[in-house]
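# Structural characterization, general
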Amino acid sequence: AAPGAPPPTPPPFFPHAWDAAELGYLDTHFSDAAGSKGGTLQYMIDTVWIITAALLCFFLQAGFGLLEAGALRAKNAKNIMLKNLMDACIGGLVYYCFGYAICYGGGAPPPGLPPP
């Protein structure tokens, strides 16, 4: 390289480097925690991680149901699976009512409810 020339740019970390047009498209279709359009890439990654972690928790619930059903007699398998289904449903409702405020602050209601 010639003296005084800028150093060459290193290759991107990801094999597919996102250009400004793609990021602009994503930024206009996601909103950040405050509800303003144009969320950051970090907010998008955080959202995907939260959804992935929630799905893993629900699959764990199904796995526990299968584990418990396998340890019992066949006539009790339906009861155990219903118990695990109700456990997941009640857990989701409790999170919606109380856990959302603990995770994201108590200032805003959960999604779908009108503001106080």
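Note: the structure precedes this text.
Below or above, wherever it landed, is the structure these notes cover.

### Examining the side chain of asparagine 84
- Structurally, asparagine 84 can be placed in helix α3 (residues 77-104).
- By relative accessible area, asparagine 84 is classed as buried at 6%.
- Of the polar contacts made by the side chain of asparagine 84, one reaches the backbone oxygen of isoleucine 80; its length is 2.9 Å.
- Apart from the residues within four sequence positions on either side, asparagine 84 is in contact with Gln61, Phe64, Gly65 and Glu68.

### Considerations on a nonpolar patch on the surface
- Residues Leu82, Leu85, Met86, Ile90, Val94, Phe98 and Ile102 make up a contiguous nonpolar surface patch of about 730 Å² in total accessible area.
- Residue position: isoleucine 90 is located in helix α3.

### With respect to the side chain of glutamine 61
- For glutamine 61, the position within the fold is in helix α2 (residues 41-70).
- Apart from residues lying up to four places away in sequence, glutamine 61 is in contact with Asn84, Asp87 and Ala88.

### A look at the pattern of salt bridges
- Summed over all chains, the structure comprises 1 salt bridge.
- In this structure, glutamate 68 engages lysine 83 in a salt bridge whose closest nitrogen and oxygen atoms are separated by 3.5 Å. Taken together, the positions of glutamate 68 in helix α2 and lysine 83 in helix α3 put the pair 15 residues apart, joining distant regions of the chain.
- Under the relative-accessibility criterion, glutamate 68 is labelled partly exposed at 28%.
- For lysine 83, a relative accessible area of 43% corresponds to the partly exposed category.

The rules behind each value
- Residues numbered from 1 in each chain as written.
- Predicted model: local features only at pLDDT ≥ 70, side-chain atom pairs only at ≥ 80, totals over all residues.
- Heavy atoms only, no water.
- Helix = DSSP H or I, 4+ residues; strand = E, 2+ residues; numbered from the N terminus.
- Buried < 20%, exposed > 50% of the residue type's maximum accessible area, 1.4 Å probe, protein only.
- Polar contact = N/O pair within 3.5 Å; in protein donor to acceptor, adjacent residues only side chain to side chain.
- Contact = heavy atoms within 4.5 Å.
- Patch = residues over 30% accessible without salt bridge, like charges linked within 9 Å, V, L, I, M, F, W, Y side chains within 5 Å.
- Areas by Shrake-Rupley, 256 points an atom, 1.4 Å probe, with all protein chains shown as cover.
- Salt bridge = Lys/Arg side-chain N within 4 Å of Asp/Glu carboxyl O.

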